[in-house]
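Below, each chain spelled out in residue letters.
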Amino acid sequence: MAVPVSMEALLRAAVLEDAEHRDEGLCVVGIFGKSSMQLGTLKEFLVNTLADKHVFSAFGGADDGGDGGIQALYNPDSRVLYLLLNSVCDGRQLLRACLSQSAGSGHADAHDFWKGLERQHCLRLLYLFSVCHVLLLVHPNHTFDVTYDRLFRALDALRQKALPLIRAAVKDCPVSKEWKVNCRPCPPRLLFVFQMSGTLKVPNGSESGVHSDKPKKHSPRRRLQHALEDQIYRIFRKSRVLTNQSSNCLFTVPANQAFVYVLPASDEDPVGVLLGQLRSNCVLCEQDSGVLVSGPRRYQQMRRSARQGMAEQLGAAVAAGMALADCTLKEFLWQHVELVLTKKGFDDSVGRNPQPCHFELPSYSKWAQVALKLHHALAGGGEDEAAELAAKVQAQLKVLDGFLDADAKFSENRCQKALPLAHSAYQANLPHNYTTAVHKNQLAQALRVYSQHARGVAFQRYALQVHEDCYKFWSNGHQLCEERSLSDQHCVHKFHLLPQAGEKTDVDHNPPILNHNSRGRSTSSCNCGRKQAPREDPFDIQAANYDFYQAMEDKCCGKLERINFPIFQPSTPDPAPASNQTPHPPSNADADRLKEPGAAHGHTPGDTSLSLALSLGQSTDSLGPYGDGDSTAAAADGQVQQKRPSLADRQPSTVEYLPGMMHSGCPKGLLPKFSSWSLVKLGPAKSYNCHTGLDQPGFLPGASFLLPWDLMIRSRSEDDPAEALDGGASSWPAPNKTLVGKRGGAGGLGRSRRRDDTARAYVGFEYEDGRGRRFIGSGPDKIVKVLGPGGAKEPAGRVLNGDMPLYVPSPSQGRGVKPHFAQLMRLFIVVPEAPLEVTLNPQVQPGPPPYPVFHPEQTDLALPPDGLWVLRFPYAYATELGPCYPPKENQPLGNYKVLRGILKATAASTQPQ
């Protein structure tokens, strides 16, 4: 075979041997080790030397597939098969591995990549130790690498683990029973080849030392070989890689033969080296005048010629009084190969009772069958049974970790010691139940402590374990309920389930069945404000804006006259909430439009844009001329044509309800199941005394007075031709107005001019804090203070013509650092008995944009005259996306406001005031 091939290609190829050599034995020589960064590796140079052929180029070997592997070179004349193992220990393979490694991989990923290549190298080494008779360990310098001791111990442990699997692979091969039991033809003999560096060149002759006239028995290179042999043998015996019984060892070394060879320093000129080899080969060819033969006779002839040449050199050296000449590399190896080919075998056992070890010299065909089976079991690529064996062998590779991965073992021990420190840092100063934010803060502290002590490639894996352990500790009975109340307070219970309809609470259930509770309590007034009661911190809108006030109805304001806001009226037994209705925040143009007096019409449920549920079963035709109300065309036909009902007159949906509160981003045509607003009548207008204020509990002293709101009413004089004087209803003056000509009137009798009369209404924006303290606001940053008789003097124009804050600082702050806020909860309106139309249109924006504008289910409500009306605002605000929390202490209160235009007053034939 002139060129090397891969091991798999050699085993799969049907190599035909000559009939006369078919039954002859085969010696297998494996070559492995490390090489320097030179172009031509040392192992390839050795193969060229041993095979007497230029197989590998001096500037690079044959391509072996890129990831390393075993290359085979079979010499049928000498009956020697060379197996050359390439791995990341070689320069070219190391360069390829570095190029294949991605630049963005982490430290742990890179470590796993290199350790994977090292495990693959160990499997191939185990294969060589299972099929070879002689092994050559090549090293690029003259110093023994002690890491081989750890490598061989790992290989021995791996072989003992995988031995039953390998036996199953070769049980059907035509070899001896000893081979099937031990899974190798013999305990291989390991030889060492070192290369002397250029700094250790020893000159010959008189330059070698001061006593040059005294002959030396051995050259300095041979003395170095003897010293390395003693060192290697002591190391392997100390670590029990070598024992007395060679049959139990991974390999053997000869007791009476040299097993270390040191190559002289190579010349710097590779071309000169090649020319010298060519010259020496040519000289040998000229001197060899005999007839060339093949087979064993040619091998014996080569041995005789080599021995004769060696004897001549030894005789010349003794005659000259010089040291004995050193043998060549081929002679060094051939003395061991000759023991194999002559079937003598290796007897390397030592001790008092040495046991002979098995030895078998197979033919090429038998060896190829066993080698193929072992290749499938150790490297994979076979059929189903062989693939299963290969998977089991791969599972045994974990025994290599303790021997080969010392840095990972150190990292494991170091990270394991850091785990208790991280757990202690996590559990320091922890309450029994805590939230996700506390868990994350403590986890960050634990990881900070862990990173101070952990090192190595296992850092990331044990950091993930810190994550898992801390999460398990938190979720195992220490997790606090993550639900937040509408006042932005956490539930104090641990993780629990909410009771279903008709289900009772159960503390012993796992997880427990409990209602949310933040342990927050506040004092609130009822719808009309005449009763106060404590309330729990609500967690849903219905409990905040409906359930509490509904429970207060029986105690106080259940029998009061009221204006009910429209709510959802189901037409099916199981109505469903509207889905896929994502509220959109209002734009700046919408915000400006909302501040206009007529902006409330755009938020009524009867807008022209209807939801799908609202328009089901209704006509979607174009309105045509009916939509414009063309009365001229109707008159031309001589009949009054009835106007078609507009979209605004249609009824809301009775199939789907609005799951939250009504606001500017809601789909039109949907109503909630309950109203978050309330409008009740406390009594007639005279039930309010402007001198004493509101007679309700919780008000601060002097802060219960409503602000006067003077409304102008225009009436016509008697001589106005447009005014009827027939004694009908229109001839009577407006209520609370002085007749013309009476005492105290605006003008004398008979004066023909227009008079202006006024009516007084009262308005009060009531704020209430969490402790039940109430007061009336006279401006965005001012509280009504009336200390004497006469009532409030400030007019209501300031509070009606501007935006009123939804939250103001409470005038009675507690002892804590956290400020307390009072919330706008009620609007008191005293409508006088006069020809007035007072329209109510509340709009609340509970936060900065994009918070929507909240409004009742019906806007532009006309309040009947002669009444003291109370509009109760929602206790909390929420959209379909979540609650609108009250402001924090560092947030500006100006973003939380009630928009201007909440009240409008009109009189007959007058403009809005």
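**A word on the pattern of salt bridges**
Tallied over the full model, the rule gives 15 salt bridges. For Glu561, the salt bridge identified is with Lys681, shortest N-O distance 3.8 Å. On the criterion of sequence distance, the pair formed by Glu561 in strand β10 (residues 561–562) and Lys681 in strand β13 (residues 678–683) is long-range, its members being 120 residues apart. Residue Lys681 is classed as buried on the basis of its relative accessible area, which comes to 16%.

**Thoughts on the nonpolar core**
Counting residues in each nonpolar core, the largest one holds 99 residues, and the members touching the most others are Phe32, Leu83, Phe152, Phe192, Phe251 and Trp367. Among the elements that make up this core, the one with the highest residue count is helix α5 (residues 147–170) (twelve residues). Residue contacts for Phe192: discarding those within four places in its chain leaves Leu137, Phe144, Ile232, Phe236, Val253, Phe259, Val260, Tyr261 and Phe332. Membership of the second largest hydrophobic core comes to 82 residues, among which are Ile713, Leu863, Leu871 and Ala907.

**Focus on unusual backbone geometry**
Cis geometry is found at the peptide bond from Pro849 to Pro850, where omega equals 15 degrees. Assignment of secondary structure puts Pro850 in the loop between β22 (844–846) and β23 (861–863). Although it is not a glycine, Asn429 sits at a positive phi angle of roughly 60 degrees. Checked against the element boundaries, Asn429 lands in the loop between α14 (406–427) and α15 (436–453).

**Quick notes on the pairing of strand β5 (residues 134–139)**
Sheet faces and side chains relate simply in a regular strand, where the side chains alternate between the two faces. Most of β5 sits inside the fold, with six of its six residues counted as buried. With five bridges connecting them, strand β2 (residues 27–33) and β5 associate as parallel partners. In the sheet register, Ile31 faces β5, and the bridge partner there is Leu136. Here six bridges tie β5 to strand β6 (residues 189–195), and the two strands are oriented parallel to one another. Each bridged residue has a counterpart across the sheet, and for Val138 the counterpart in β6 is Val193.

**Here's the deal with the environment of Arg872**
By secondary structure assignment, the location of Arg872 is in strand β24 (residues 867–872). Once the C-alpha coordinates of Arg872 and Gly529 are considered, the two residues, 343 residues apart in sequence, prove to be 8.8 Å apart. When neighbours within four sequence positions are excluded, Arg872 is seen to be in contact with Asn527, Asn545, Tyr549, Ser676, Trp677, Ser678, Met825 and Arg826. Side-chain polar atoms of Arg872 contact the side chain of Asn527, separated by 2.9 Å.

**Some remarks on a nonpolar patch on the surface**
Among the surface-exposed residues, Val271, Leu275 and Leu278 lie close enough to one another that they form a single nonpolar patch of about 270 Å² accessible area. A relative accessible area of 44% places Val271 in the partly exposed class.

**Quick look at helix α2 (residues 42–51)**
Of all the ten residues making up α2, eight are buried; the element is thus mostly covered by neighbouring parts of the structure. If you check which residues of α2 are buried, you get Leu42, Lys43, Glu44, Leu46, Val47, Asn48, Leu50 and Ala51. At the exit of α2 stands Asp52, carrying a positive phi of roughly 55 degrees.

**As for the state of the cysteines**
This structure, assessed with the given rule, holds zero disulfides. Of all cysteine sulfurs in the structure, the one in Cys491 sits closest to Cys481, which takes part in no disulfide; the separation is 4.1 Å.

**Some words on the environment of Asp172**
Along the polypeptide, Asp172 turns up in the loop between α5 and α6 (177–182). A residue is classified by how much of its surface remains accessible, and Asp172, at 68% relative accessible area, is exposed. C-alpha separation for the pair Asp172 and Val370, spaced 198 residues apart in sequence, amounts to 9.2 Å.

**Let's talk about the sheet that holds β23**
Spatially, three strands are ordered β23-β21-β28 in an open sheet, and the strand pairing comes out antiparallel. Because the sheet does not close on itself, it has two edges, and the strands there are β23 and β28 (903–907). Taken over all neighbouring pairs, the strand axes of this sheet differ in orientation by 30 degrees on average, direction set aside. Where strand β21 (residues 836–840) meets β28, five bridges bridge the pair, whose relative direction is antiparallel.

**Things to note about the packing of α14 against α15**
Contact geometry of α14 with α15 gives a least axis separation of 8 Å together with a crossing angle of 150 degrees. By the criterion of interaxial angle, the relationship of α14 to α15 is roughly antiparallel. The handedness of the crossing between α14 and α15 comes out as right-handed. Each of Arg414, Cys415, Ala418, Leu419, Leu421, Ala422, Ala425 and Tyr426 in α14 lies in contact with α15, whose residues at this interface are His439, Gln442, Leu443, Gln445, Ala446, Val449, Tyr450 and His453.

**With respect to the sheet that holds β22**
Working definition: the strands of a sheet are paired by backbone hydrogen bonds and lie parallel or antiparallel to each other. The three strands lie next to each other as β18-β27-β22, forming an open sheet whose pairing is antiparallel. The outermost strands of the open sheet, each flanked by one partner alone, are β18 (804–805) and β22. Two elements, β18 and strand β27 (residues 896–898), share two bridges in a ladder whose sense is antiparallel. Directly across from Met804, in β27, lies its bridge partner Val898.

**Things to note about the packing of aromatic side chains**
The tally for this structure, following the rule as stated, stands at 29 aromatic pairs. Seen from their ring centres, Tyr546 and Phe674 are 5.6 Å apart, and the 40 degrees between their planes marks the pair as tilted. With Tyr546 in helix α17 (residues 541–551) and Phe674 in the loop between β12 (656–657) and β13, this pair connects stretches of sequence that are 128 residues apart. Given the relative accessible area of 30%, Tyr546 is considered partly exposed. Each member of the aromatic cluster is reached from another via a ring pair, and the members are Phe32, Phe129, Phe144, Tyr148, Phe152, Phe192, Phe194, Phe236, Phe251 and Phe259. Here Lys34 stacks its cationic end above the ring of Tyr148, 5.5 Å away from the centre of that ring. If you follow Arg535 out to its NZ or CZ, it ends over the ring of Phe548, 4.3 Å from the centre.

**Thoughts on α15**
For the α-helix, the turn length of 3.6 residues means that residues three or four positions removed from each other point alike. The end-to-end C-alpha separation of α15 is 26 Å, in line with the 26 Å expected for 18 residues at 1.5 Å each. Within α15, the full set of buried residues consists of His439, Gln442, Leu443, Ala446, Val449 and Tyr450. Buried residues of α15 fall within an arc of 125 degrees about the axis and therefore sit on the same side. Those residues of α15 that are exposed and angled more than 90 degrees off the buried face are Lys440, Asn441 and Gln452. Buried positions along α15 lie against α14 and α16 (459–475).

**Focus on the side chain of Arg184**
Among the secondary structure elements, Arg184 is positioned in the loop between α6 and β6. The buried charged residue Arg184 lacks any salt bridge, with Asp156 as its nearest oppositely charged partner at 7.1 Å. Filtering out sequence-adjacent residues up to four positions away, Arg184 remains in contact with Phe129, Ser130, Arg159, Trp179, Ser246, Ser247, Cys249, Leu250 and His358.

**So, the side chain of His496**
Topologically, His496 is positioned in the loop between α16 and β8 (521–525). Here His496 falls in the buried class, since its relative accessible area comes to 7%. Here the side chain of His496 touches Leu514 through a polar contact of 3.0 Å, landing on its backbone oxygen. Aside from chain neighbours lying at most four places away, what touches His496 is Cys481, Cys491, Pro511, Pro512, Leu514, Asn515 and His516.

The rules behind each value
- Residues numbered from 1 in each chain as written.
- Predicted model: local features only at pLDDT ≥ 70, side-chain atom pairs only at ≥ 80, totals over all residues.
- Heavy atoms only, no water.
- Salt bridge = Lys/Arg side-chain N within 4 Å of Asp/Glu carboxyl O.
- Helix = DSSP H or I, 4+ residues; strand = E, 2+ residues; numbered from the N terminus.
- Buried < 20%, exposed > 50% of the residue type's maximum accessible area, 1.4 Å probe, protein only.
- Core = buried A, V, L, I, M, F, W, Y, C linked by side-chain atoms within 4.5 Å.
- Contact = heavy atoms within 4.5 Å.
- Pairing = 2+ DSSP bridges.
- Polar contact = N/O pair within 3.5 Å; in protein donor to acceptor, adjacent residues only side chain to side chain.
- Patch = residues over 30% accessible without salt bridge, like charges linked within 9 Å, V, L, I, M, F, W, Y side chains within 5 Å.
- Areas by Shrake-Rupley, 256 points an atom, 1.4 Å probe, with all protein chains shown as cover.
- Disulfide = S-S within 2.5 Å.
- Axes fitted to C-alpha atoms, helices over the stretch in contact; angles between N-to-C directions.
- Parallel < 35°, antiparallel > 145°, perpendicular 65-115°, else oblique.
- Left-handed = near helix turned anticlockwise from the far one by under 90°.
- Phe/Tyr/Trp six-rings, centres within 6.5 Å; stacked < 30°, edge-to-face > 60°.
- Lys NZ or Arg CZ within 6 Å of the ring centre and 35° of its normal.
- Expected span 1.5 Å × (residues − 1).
- Arc of directions from axis to C-beta.
- Lys, Arg positive; Asp, Glu negative; His and termini not counted.

Purely geometric stuff here, so don't read any function into it on its own.
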